[in-house]
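Close look at the chain arrangement
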Amino acid sequence: MTIFRMPADEAEARAVQDELRGRVVLDEPGPAPGTGRVTGVDVAYDDERDLVVAAAVVLDGATLEVVAESTAQGRVTFPYVPGLLAFRELPAVLAALERLPVDPGLVVCDGYGQAHPRRFGLASHLGVLTGLPVIGVAKNPFTFRYDEPGPARGDSSPLMDGDEEVGRALRTRRATKPVFVSVGHRTDLDNACAQTLALARDFRQPETTRRADALCRSALRAATG
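Reference entry: report on the structure contained in this document. (Residues numbered from 1 in each chain as written. Predicted model: local features only at pLDDT ≥ 70, side-chain atom pairs only at ≥ 80, totals over all residues. Heavy atoms only, no water.)

**Description of the overall build of the protein chain**
We apply this condition: Put simply, DSSP marks the helices as runs of H or I at least four residues long and the strands as runs of E at least two long, and each gets a number from the N terminus on. Only C-alpha atoms enter the radius of gyration, while the globule expectation follows 2.2 Å times N to the 0.38, with N the number of residues. For each residue, the accessible area found with a 1.4 Å probe, counting protein chains only, is set against the maximum for its type, and the residue is called buried under 20%, exposed over 50%, and partly exposed in between. Whether two residues touch is decided by their heavy atoms; if any such pair falls within 4.5 Å, the residues are in contact.
Scanning the protein chain from terminus to terminus reveals 5 helices and 8 strands. Secondary structure elements of the protein chain, listed N to C terminal, follow the sequence α-β-β-β-α-β-α-β-β-β-β-α-α. In summary, the protein chain has a C-alpha radius of gyration of 16 Å against a globular reference of 17 Å for 225 residues, a match within 12%. Once the C-alpha set of the protein chain is aligned to its principal axes, its extents read approximately 45 × 40 × 30 Å. Counting every position in the protein chain, which comprises 225 residues, the buried fraction comes to 52%. Within the protein chain, contacts between residues at least 6 apart in sequence are counted, and of these 67% link residues at least 24 apart.

Here it is in structure tokens:
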């Protein structure tokens, strides 16, 4: 079982991020798009009950057919703080991953990896704790700047923090808003973008994210009656 350390407060949470950040592996290319297994993870909340439900959905990288899926639920024990969302979501996400009957392969998070103020978003945190290759594909650019990418599918532009490229704005469908891709662990940025395009064949979001989002929402409805 993966050991997760829950901090007592925001200061300790930032210290945990700073401590673990040095373990992120950024010099591996990652698995080839369209091969192996690819797993989407996502969470849904019931704020009135302080309940979080996580889902993990494993797809075949070539066909995008579902191979396996699992869910896990738990209590939210850390407050909402931008930049520290991993501490709200990771316990349930790790539990859902551990319940899978197959190896997850590459994991795709609905969130950030290196595109994070301390270069340690959810995708990086999850990668370090599990040892899995992980990428982050987010719906918005957090606090970082970018130029609008070209209109065609596959067009991209750097997501910048000062002079540092922390991710890319990637157009997955013509005439739709880009998604924001960043490395989590054991992948490079070119491959993370290629993986995202391979997974977003018909919609703006990767199929992994779409499937995991639907499953965690369904599981939350079931859990709350």
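**Focus on the environment of V134**
If you trace the backbone, V134 turns up in strand β5 (residues 134-138). Sequence separation of V134 and R21 is 113 residues, and the distance between their C-alpha atoms is 14 Å.

**Points about the layout of surface pockets**
Threshold: Throughout, the protein atoms alone are placed on a 1 Å grid, and a set of points is a cavity if a 1.4 Å probe fits but cannot get out or a pocket if it is open with protein on both sides within 12 Å along at least five of seven lines; lining residues have an atom within 4 Å of a point. Grid points are joined across faces, edges and corners, and a volume is the space filled by probe spheres set on the points. Residues are grouped as follows: Ala, Val, Leu, Ile, Met, Phe, Trp, Tyr, Cys and Pro are nonpolar; Asp, Glu, Lys and Arg are charged; every other residue, Gly included, is polar.
Considering only enclosed or pocket space, the largest pocket measures out at about 690 Å³ in volume. Forming the boundary of the largest pocket are 33 residues, of which L85, E89, D110, G111 and Y112 lie nearest the centre. At 5 residues, the largest contribution of residues to the lining of the largest pocket is made by strand β1 (residues 37-46). For the lining of the largest pocket, a count of residues per class yields 16 nonpolar, 8 polar and 9 charged.

**Brief notes about the sheet that holds strand β8 (residues 179-185)**
Selection rule: A pair of strands counts as paired when DSSP detects no fewer than two bridges linking them. Between N-to-C directions, angles span 0 to 180 degrees; the directions come from axes that are lines fitted to C-alpha atoms, helices contributing only their stretch in contact.
The strand order β3-β2-β1-β4-β5-β8-β7-β6 describes an open sheet built from 8 strands, whose pairing is mixed. The open sheet has two edge strands with one neighbour each: β3 (66-75) and β6 (156-161). Strand-to-strand, the axes of this sheet are offset by a mean angle of 25 degrees, without reference to chain direction. Looking at chain direction, β6 and strand β7 (residues 164-170) are connected through 6 bridges and run antiparallel. Looking across to β7, one finds that D161 is bridged to E164.

**Some thoughts on the packing of aromatic side chains**
Filter applied, for reference: The pairing test for Phe, Tyr and Trp rings, Trp by its six-membered ring, is centres within 6.5 Å, and the orientation test on the planes gives stacked under 30 degrees, edge-to-face over 60, and tilted for anything in between.
Counting across every chain of the model gives 5 aromatic pairs. For the ring pair Y112 and F142, a centre distance of 5.1 Å and an interplane angle of 25 degrees mean the geometry is stacked. Of this pair, Y112 sits in the loop between β4 (106-109) and α3 (122-130) while F142 sits in the loop between β5 and β6, and the two are 30 residues apart along the sequence. Both rings, one in F142 and one in F144, keep their centres 6.2 Å apart while their planes meet at 90 degrees; by these two values the pair is edge-to-face. Accessibility expressed as a relative area gives 27% for F142, which makes it partly exposed. Residue classification places F144 among the buried residues on the basis of a relative accessible area of 7%. An aromatic cluster of three or more residues is present, and its members are F4, F78 and F87.

**What about the environment of T176?**
Structurally, T176 can be placed in the loop between β7 and β8. On the accessibility criterion, T176 (23% relative accessible area) is partly exposed. With 148 residues separating them in the primary sequence, T176 and E28 have C-alpha atoms 31 Å apart.

**Focus on unusual backbone geometry**
The residue L64 is not glycine, and still its phi comes out positive at about 65 degrees. Summarising the element assignment, L64 is placed in the loop between β2 (51-60) and β3. Non-glycine residue F142 carries a positive phi angle of around 60 degrees.

**Concerning the pattern of salt bridges**
Selection rule: What counts as a salt bridge is simple: a side-chain nitrogen of Lys or Arg found within 4 Å of a carboxyl oxygen of Asp or Glu.
Evaluated as defined, the whole model comprises 15 salt bridges. When the shortest N-O distance is used, the salt bridge between E28 and R186 registers 3.0 Å. A residue pair is termed long-range when its members are at least 10 positions apart, and E28 in the loop between α1 (10-21) and β1 and R186 in the loop between β8 and α4 (189-199) qualify at 158 residues. With its nearest N and O atoms 3.1 Å apart, the salt bridge here joins R210 to E207.

These results come straight from atomic positions and should not be treated as a statement about function.
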